[in-house]
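Fold and contact review
Residue strings, one per chain:
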Amino acid sequence: GTSLLTKPDDDATLMRFYRQVRPWGFWQPIYAKILRDDPTFAKNTQAVRDLGNVAVGIVWQTSLVLVPVFLLVFRWTSMWIALGVAIVTTYMLKRNWYDKLEDA
């Protein structure tokens, strides 16, 4: 929609956003402008890891919702399985996402 009907953000805003978020995708023109100012700036090349973390995060969030639901309906085995999944995926996210966060 409406984003196509408004004028684009200025380059300074886009450069500030790109420096902070470092999104992967089609940002080559903005990345080139940043490199002119700071040749040491590195782009984010971890798209596969990030997408894997999204998939693990979906399982993690679902398990966190299911634990109390199963508790309320007295499905003990299902609750313990969901809790186990939550613990395992928490550990996976800590190792593959949280521990690898970089300061902007």
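What you see is a predicted model, and the numbers here were worked out from it, not measured in a lab. (Residues numbered from 1 in each chain as written. Predicted model: local features only at pLDDT ≥ 70, side-chain atom pairs only at ≥ 80, totals over all residues. Heavy atoms only, no water.)

Some details on helix H1 (residues 11-21)
Keep this limit in mind: Each polar contact in these results corresponds to two N or O atoms within 3.5 Å; when the atoms are within protein, one needs to be able to donate a hydrogen and the other to accept it, and residues that are neighboring in sequence are counted only if both atoms are side-chain atoms. Only DSSP runs of H or I covering at least 4 residues are called helices, and only runs of E covering at least 2 are called strands; the numbering of each starts at the N terminus.
For H1, the N-terminal cap is Asp-10; the gap from its side-chain oxygen to the backbone nitrogen of Ala-12 is 3.3 Å. Downstream of H1 by one or two residues, Arg-22 has phi in the positive range, about 50°.

Details of the packing of H1 against helix H2 (residues 28-37)
As a reminder, the rule being used: To get an axis, fit a line to the C-alpha atoms, keeping to the stretch in contact for a helix; angles then go from 0 to 180 degrees between the N-to-C directions. Relative orientations are named as follows: roughly parallel for angles under 35 degrees, roughly antiparallel for angles over 145 degrees, roughly perpendicular for angles from 65 to 115 degrees, and oblique for any other angle. Contact definition: two residues touch when any of their heavy atoms are within 4.5 Å. Throughout, the ten residues Ala, Val, Leu, Ile, Met, Phe, Trp, Tyr, Cys and Pro are labelled nonpolar, Asp, Glu, Lys and Arg are labelled charged, and all others, Gly among them, are labelled polar.
In contact at an axis separation of 10 Å, H1 and H2 are set at 85° when each is read in the N-to-C sense. Between H1 and H2, the angle is such that the two are roughly perpendicular. Contact residues: H1 offers Asp-11, Leu-14, Met-15, Tyr-18 and Arg-19, while H2 offers Ile-30, Tyr-31, Lys-33, Ile-34 and Asp-37. Of the residues contributing to the contact of H1 with H2, the split by class is 6 nonpolar, no polar and 4 charged.

Overview of the confidence of the model for the chain
Applicable threshold: pLDDT expresses how confident the predictor is about each individual residue, on a scale running from 0 to 100.
Taken as a whole, the chain shows an average pLDDT of 94; of its residues, 97% reach a score of 70 or greater. For the chain, per-element mean pLDDT is lowest for H1, which scores 95, and highest for helix H4 (residues 76-96), which scores 98.

Examining the side chain of Ser-63
For clarity, the cut-off: Accessibility here uses a 1.4 Å probe with only protein chains present; expressed as a share of the type maximum, an area under 20% marks a residue as buried, one over 50% as exposed, and anything in between as partly exposed.
Locating Ser-63 in the fold gives a position in helix H3 (residues 47-72). Residue classification places Ser-63 among the buried residues on the basis of a relative accessible area of 3%.

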